[in-house]
Amino acid sequence: MDQVKAMRAFQRIAQAKSLSSAAQSLGTTHSSLSRQLQALEASLGAQLVRRDTRGITLTEAGHRYLAACTDILSRLDAAHADAAADSKAPSGTLKVSMPLSIATLELPDWLPAFQARYAGIRLEVVCTDRFTKLVAEGIDVALRISAELEDASMMARTLAVSDMVLVAAPRYLAEHGLPRTPEDLSQHQCLQHNGPESPAHWTLHLRDGQQQTLRPESRFACDTITALYSAAKCGLGIAALTWHTARADLQAGALVRVLPEVTLGQRTYAALYPRTRHVQPAVRAFIDFMATHYR
């Protein structure tokens, strides 16, 4: 007996509540399906259905077996679809939520290569620094930069861990001097990010493992990293940014690392996506690509 075929036949019988209807949908005969059901019950040593003039009803054993069949067959179908998808190039529209820093400041580093590799994927980017509700807003995958990532309803994959570093433009340092110690920061314009997750103070992590708390004093605060970045580049003061965000301008000399022995802890770059048995090929392709990019 083909066990998978028998399980699918039983599942269809339970759904149709009629041997005749189930046989018609499966393209077989009433008698053939009846024999298949009898063989299944004999192999299990249990009665799965009761037949009467009103049709078919499940026994207690039948209800338990149907639940098991549904779970097994759905897993089998998902595995088959997953394996088949690997042989095809990912395609379709992929809706991705990401912080403004990744979608703007870092975009030249990753988007051209992604589009060149996955010509069949149409990327629809939602630029926001707030934490979106993936399922409710129709988001396939979200990129996050956060000190903590806790959402039991989502799957999460870490892409990178980046130090938070202090940076300033050469013109600002030429005018105001280079801080030599953490205490010197109190004499400088420290540009403040006042997003929903941002603390009102800076916690400086020193090289010897000690920590020092500073409340930034500044005439400028904003709720987006892109605006903070622009303020630092045009010489308004010292900003705290992830190394990944500031990397290109630090290497080009457009920004300078301030107190290079100090960080403000670390931030995790992660990809979040809804929990599901079958991950879309386009979602997997995008997450794998970004993981390779940051690595």
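**Student:** Give a description of the environment of Ile121 that names residues and reports values.
**Tutor:** Structurally, Ile121 can be placed in strand β4 (residues 121–127). Note on Ile121: relative accessible area 9%, which makes it buried. Spatially, the C-alpha atom of Ile121 lies 33 Å from that of Met164, the residues being 43 residues apart in sequence.

**Student:** Any chance you could break down the packing of helix α8 (residues 225–233) against helix α9 (residues 243–252) for me, citing the residues and the numbers?
**Tutor:** Helices that pack against each other are described as a pair by the angle of their axes relative to one another and the distance between those axes. Remark: α8 packs on α9, axes separated minimally by 12 Å, with the N-to-C direction vectors making an angle of 25°. The orientation of α8 with respect to α9, classified from their angle, is roughly parallel. Crossing angle aside, the handedness with which α8 passes α9 is right-handed. Contacts between α8 and α9 pair Ile225, Tyr229 and Lys233 from the former with Thr245, Ala246 and Asp249 from the latter. A class-by-class count of the residues in the contact of α8 with α9 yields three nonpolar, one polar and two charged.

**Student:** I'd love a proper account of the pattern of salt bridges, names of residues and values included.
**Tutor:** Pairing of side chains with opposite charge becomes possible as their charged atoms draw close. All told, the structure shown has five salt bridges when counted by the stated rule. We note a salt bridge from Arg247 to Asp109, for which the minimum N-O separation is 2.9 Å. Residue Arg247 is found in helix α9, and its partner Asp109 is found in helix α6 (residues 107–117); the two are separated by 138 residues along the sequence. Judged by relative accessible area, which is 36%, Asp109 ranks as partly exposed.

**Student:** Pulling in residues and values, what's your account of the nonpolar core?
**Tutor:** The biggest cluster of nonpolar side chains holds 28 residues, and the ones touching the most others in it are Trp110, Leu159 and Phe286. At the level of secondary structure, the elements contributing two or more residues to this core comprise β3 (92–98), α5 (100–105), α6, β4, β5 (141–146), β6 (154–168), β13 (266–274) and α10 (281–294). When residues no more than four places from it in sequence are discounted, the contact partners of Leu159 are Leu143, Tyr269, Ala270, Ala271, Ile287, Met290, Ala291 and Tyr294. Core analysis: the next-biggest nonpolar cluster, separate from the first, contains 20 residues, Met7, Leu19, Leu37 and Tyr65 among them.

**Student:** Outline the side chain of Glu106, supporting the account with residue identities and numerical values.
**Tutor:** Of note, Glu106 is situated in the loop between α5 and α6. Despite its burial, Glu106 remains without a salt bridge, the nearest opposite charge being carried by Arg247 at 6.8 Å. The residues contacting Glu106, other than those within four sequence positions of it, are Ser101, His244, Thr245, Tyr269 and Tyr294.

Scoring rules and cut-offs
- In this convention, every chain numbers its residues from 1, walking through the sequence in written order.
- Local features in this predicted model are restricted to residues whose pLDDT is 70 or higher, and side-chain atom pairs enter the listing and the counts only when it is 80 or higher, whereas totals over whole chains, interfaces and linings include all residues.
- Side-chain calculation: all heavy atoms of the structure are included, whereas hydrogens and water are not.
- A run of DSSP states H or I qualifies as a helix once it reaches four residues; a run of E qualifies as a strand once it reaches two. Both are numbered from the N-terminal end.
- Using a 1.4 Å probe on the protein chains alone, a residue whose accessible area is under 20% of its type maximum counts as buried, one over 50% counts as exposed, and one in between counts as partly exposed.
- Axis definition: a line fitted to C-alpha atoms, limited for helices to the stretch in contact. Angles are taken between N-to-C directions and run from 0 to 180 degrees.
- Put simply, angles under 35 degrees are roughly parallel, angles over 145 are roughly antiparallel, angles from 65 to 115 are roughly perpendicular, and the rest are oblique.
- Crossings are classed by handedness, with left-handed meaning an anticlockwise turn of the near helix from the far one by less than a right angle and right-handed meaning a clockwise turn.
- Every residue pair with non-hydrogen atoms within 4.5 Å of one another is taken to be in contact.
- All residues other than Ala, Val, Leu, Ile, Met, Phe, Trp, Tyr, Cys, Pro, Asp, Glu, Lys and Arg, Gly among them, are scored as polar; the first ten of these are nonpolar and the last four charged.
- Note on definitions: salt bridges are taken to be side-chain nitrogens of Lys or Arg within 4 Å of carboxyl oxygens of Asp or Glu.
- In plain words, nonpolar cores are sets of buried Ala, Val, Leu, Ile, Met, Phe, Trp, Tyr and Cys residues tied together by side-chain atoms within 4.5 Å.
- In summary, the charge assignment counts Lys and Arg as positive and Asp and Glu as negative, without counting His or the chain termini.

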